[in-house]
Amino acid sequence: MHVLDSDVTGESATITIWDQPGNCIDIPLAYAGPLWQPARNHSTKSTRDQTLGQDVATSLGGQEFVNARWQQRKVMMEHDSLGDADVAVIDRIIASAAADSNILFIPDPAADAAALSAAAIYGRMSAGELSNPYGPADRHNQSFTFTERL
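Remember, predicted model here, so these are calculated numbers, not experimental data.

Criteria and thresholds
- Residues numbered from 1 in each chain as written.
- Predicted model: local features only at pLDDT ≥ 70, side-chain atom pairs only at ≥ 80, totals over all residues.
- Heavy atoms only, no water.
- Salt bridge = Lys/Arg side-chain N within 4 Å of Asp/Glu carboxyl O.
- Helix = DSSP H or I, 4+ residues; strand = E, 2+ residues; numbered from the N terminus.
- Buried < 20%, exposed > 50% of the residue type's maximum accessible area, 1.4 Å probe, protein only.
- Phe/Tyr/Trp six-rings, centres within 6.5 Å; stacked < 30°, edge-to-face > 60°.
- Core = buried A, V, L, I, M, F, W, Y, C linked by side-chain atoms within 4.5 Å.
- Contact = heavy atoms within 4.5 Å.
- Pairing = 2+ DSSP bridges.
- Polar contact = N/O pair within 3.5 Å; in protein donor to acceptor, adjacent residues only side chain to side chain.
- Axes fitted to C-alpha atoms, helices over the stretch in contact; angles between N-to-C directions.

A.B. asks: How would you explain the pattern of salt bridges if you had to name every residue and give the values?
C.D. replies: One pass over the full model with this rule turns up four salt bridges. A salt bridge links Asp 80 to Lys 45, with the shortest nitrogen-to-oxygen separation between them at 3.4 Å. Residue Asp 80 is found in strand E2 (residues 64-82), and its partner Lys 45 is found in the segment before strand E1 (47-58); the two are separated by 35 residues along the sequence. The buried category is assigned to Asp 80, whose relative accessible area is 18%.

A.B. asks: Break down the packing of aromatic side chains for me, citing the residues and quoting the values.
C.D. replies: On inspection of all chains with the given rule, the structure shows two aromatic pairs. Ring centres of Phe 105 and Phe 146 lie 4.3 Å apart, and the angle between their planes is 10 degrees; this geometry places the pair in the stacked category. Residue Phe 105 is located in strand E3 (residues 103-105), and its partner Phe 146 is located in strand E5 (residues 140-148); the two are separated by 41 residues in the primary sequence. Take Phe 105 and Phe 146: they sit in the same class, and that class is buried. An aromatic cluster is defined as three or more aromatic residues linked by ring pairs; in this entry it consists of Phe 105, Phe 144 and Phe 146.

A.B. asks: Please provide a residue-by-residue account of the nonpolar core, values included.
C.D. replies: Residues Val 75, Met 77, Leu 82, Val 87, Ile 90, Ala 97, Ile 103, Phe 105, Ile 121, Met 125, Phe 144 and Phe 146 constitute the largest nonpolar core, which totals twelve residues. At the level of elements, E2, helix H1 (84-98), E3, strand E4 (121-127) and E5 are the ones that each hand at least two residues to this core. The contacts of Phe 146, once residues within four sequence positions are left out, are Arg 73, Lys 74, Val 75, Met 77, Ile 103, Phe 105, Ile 121, Arg 124 and Met 125.

A.B. asks: Describe the pairing of E2, listing the residues and the values that go with them.
C.D. replies: The pairing of E1 with E2 spans twelve bridges and is classified as antiparallel. Within E2, the residue paired with Asp 49 across the bridge is Lys 74. Between the end of E1 and the start of E2, which pair antiparallel, lie five residues, with Gly 62 showing a positive phi angle near 95 degrees. Note that E2 and E5 share seven bridges and pair antiparallel. Looking at the pairing, Val 75 lines up with Phe 146 of E5.

A.B. asks: Outline the side chain of Gln 142, supporting the account with residue identities and numerical values.
C.D. replies: Along the chain, the position of Gln 142 falls in strand E5. A distance of 2.9 Å separates the side chain of Gln 142 from the backbone oxygen of Gly 128, its partner in a polar contact. Residues in contact with Gln 142, not counting those within four places in the same chain, are Met 77, Glu 78, His 79, Leu 82, Ile 90, Ile 94, Ala 127, Gly 128, Glu 129 and Leu 130.

A.B. asks: Report on the sheet that holds E3, specifying residues and quantitative values.
C.D. replies: Spatially, the five strands line up as an open sheet ordered E1-E2-E5-E4-E3, and their pairing is antiparallel. Every interior strand has two partners, whereas the edge strands, E1 and E3, have only one. Pairs of neighbouring strands in the sheet enclose a mean axial angle of 40 degrees, with direction left out of account. Judged from the three bridges that link them, E3 and E4 form a sheet pairing that is antiparallel. Among the inter-strand pairings, Phe 105 is bridged to a residue of E4, identified as Ile 121. Contacting E2, E3, E4 and E5, H1 crosses the sheet at an angle of about 30 degrees to E5.

Spelled out as structure tokens, the structure:
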């Protein structure tokens, strides 16, 4: 993953990939577009998970033989402090995700490049119910699940 240091505006983006002899290159997904960050950060109640695609054969003696197929990351993000202005943007993101668009989620955009590459998820997003647990305050709660598209 590569995140630019500043905003860049243009009509197209060119990505050049140099093939190294003997290597396998697999570039299934790419994103170029605007990023949005809510005014306040997400909750520490957020969690991460992984789904493992495995074929497991178990012998009569109980030994397991695992054939690993794929690994898919998932983030369940809880946001306890979305403002009214944030909710308007979130509604547009949810509509885009519902139309099967991939969503890029970067948990800590201030992290260094290596941390961004390791933590970012690009894929499907689903959203939980929007609530207003703080009464008249400009604070809303909503949960989101980001599932890496393989």
